[in-house]
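# Close look at the chain arrangement
What follows is each chain in one-letter form.
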Amino acid sequence: NVLFAVIGLLLIHRLGLRMFGRREGFWAAAILSSSALYMTLARVVVIDMLLTVCVTLALFAFYTGYCDSSRRRTANLCLFVFLALGMLAKGPVGVIIPAGTILVFLVLRRDLGYVKQLSLAIGLPLFFLLVLPWYILVSLRQPEFFRYFIFEQNVVGFFQGTVHHPRAWYMAFP
């Protein structure tokens, strides 16, 4: 997890640099590295750091394609690969977080038409090609997997909290 934490910091620095400039990229990484939760997760064995890197890579790929039309196709394919890896790492949250972020970005930019340039005709099949084999194989071995993992752990867990936490789900938002 420490390796993924370092990769995450480097990605945040690079993304901040690309989006806003050198100073902002530095401060983005510095602030993230000072986060107690980020540093704690870097030292424990949980999938969250891998998820963080997958989400960051997906957002970085999206932003690269958004800003650089000469690299758009490759960046968009990378976006779908990193969405798939996020889905494999942690389930639907690996897609929902970056997709929601991208949607909000495009709404704020008043550029929802950009969705047509995301190479969906190639990207979605690539995403499913990467994700479905694992989900199908696990479901064949464990028939209750889909109901338990997708529905109980993700949907019900989000609203009711399968991990017994003293605060309501909406307390996770700033």
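Before reading further, recall that the structure is shown in the block above.
Residues numbered from 1 in each chain as written. Predicted model: local features only at pLDDT ≥ 70, side-chain atom pairs only at ≥ 80, totals over all residues. Heavy atoms only, no water.

The subject of this paragraph is the packing of aromatic side chains. One pass over the structure, following the stated rule, counts eleven aromatic pairs. Aromatic side chains phenylalanine 62 and phenylalanine 105 sit 5.6 Å apart centroid to centroid with 85° between the ring planes, which places their arrangement in the edge-to-face category. Taken together, the residues phenylalanine 62 in helix 4 (residues 48–67) and phenylalanine 105 in helix 6 (residues 93–108) connect sequence positions 43 residues apart. Among the residues examined, phenylalanine 105 registers a relative accessible area of 18% and is labelled buried. Connected via pairs of aromatic rings, a cluster forms that spans Phe62, Tyr63, Tyr66, Phe105 and Tyr114. (Phe/Tyr/Trp six-rings, centres within 6.5 Å; stacked < 30°, edge-to-face > 60°. Helix = DSSP H or I, 4+ residues; strand = E, 2+ residues; numbered from the N terminus. Buried < 20%, exposed > 50% of the residue type's maximum accessible area, 1.4 Å probe, protein only.)

Before going further, it helps to spend a moment on the nonpolar core. In this structure, Phe62, Leu79, Leu106 and Phe127 are the most contacted members of the largest nonpolar core, which totals 27 residues. Looking at this core, the elements with two or more residues in it are helix 4, helix 5 (72–90), helix 6, helix 7 (120–141) and helix 8 (145–160). Ranked by residues supplied to this core, first place goes to helix 4 with nine residues. Ignoring sequence-local partners within four residues, the contact set of phenylalanine 62 consists of Leu79, Ile102, Phe105, Leu106, Tyr114 and Leu118. In terms of nonpolar packing, the next biggest core, distinct from the first, is built from five residues, Ala5, Tyr38, Ala42 and Met49 among them. (Core = buried A, V, L, I, M, F, W, Y, C linked by side-chain atoms within 4.5 Å. Contact = heavy atoms within 4.5 Å.)

Together, Leu103, Val107, Leu112, Val115, Leu120, Leu124, Phe128, Leu132, Ile136, Leu137 and Leu140 make up a nonpolar patch on the protein surface, roughly 970 Å² of accessible area in all. Broken down by secondary-structure element, the contributors of at least two residues to the nonpolar patch are helix 6 and helix 7. The element that contributes the greatest number of residues to the nonpolar patch is helix 7, accounting for seven residues. With respect to the element layout, phenylalanine 128 can be found in helix 7. (Patch = residues over 30% accessible without salt bridge, like charges linked within 9 Å, V, L, I, M, F, W, Y side chains within 5 Å. Areas by Shrake-Rupley, 256 points an atom, 1.4 Å probe, with all protein chains shown as cover. Salt bridge = Lys/Arg side-chain N within 4 Å of Asp/Glu carboxyl O.)

Their axes nearest at 8 Å, the elements helix 4 and helix 5 cross at an angle of 160°. Considering the angle they form, helix 4 stands roughly antiparallel to helix 5. In the crossing of helix 4 with helix 5, the sense of the turn from one axis to the other is left-handed. Across the interface between the two elements, Asp48, Leu50, Leu51, Cys54, Leu57, Ala58, Ala61, Phe62, Thr64, Gly65 and Tyr66 from helix 4 touch Arg72, Ala75, Cys78, Leu79, Phe82, Leu83, Leu85, Gly86, Ala89 and Lys90 from helix 5. (Axes fitted to C-alpha atoms, helices over the stretch in contact; angles between N-to-C directions. Parallel < 35°, antiparallel > 145°, perpendicular 65-115°, else oblique. Left-handed = near helix turned anticlockwise from the far one by under 90°.)

If you walk through the whole model with that rule in mind, you get two salt bridges. The partner of aspartate 48 in a salt bridge is lysine 90, with the nearest N and O atoms 2.8 Å apart. Of this pair, aspartate 48 sits in helix 4 while lysine 90 sits in helix 5, and the two are 42 residues apart along the sequence. Arginine 71 is the salt-bridge partner of aspartate 68, the closest N and O atoms lying 3.5 Å from each other. Assessed through its relative accessible area of 18%, aspartate 68 is described here as buried.

Moving on, we come to unusual backbone geometry. Of note, arginine 110 is a non-glycine position whose phi angle comes to about 55°, a positive value. On the secondary structure map, arginine 110 appears in the loop between helix 6 and helix 7. With a relative accessible area of 79%, arginine 110 lands in the exposed category. Phi angles above zero are rare outside glycine, and serine 119 is one such case at about 60°. Relative to the assigned elements, serine 119 resides in the loop between helix 6 and helix 7.

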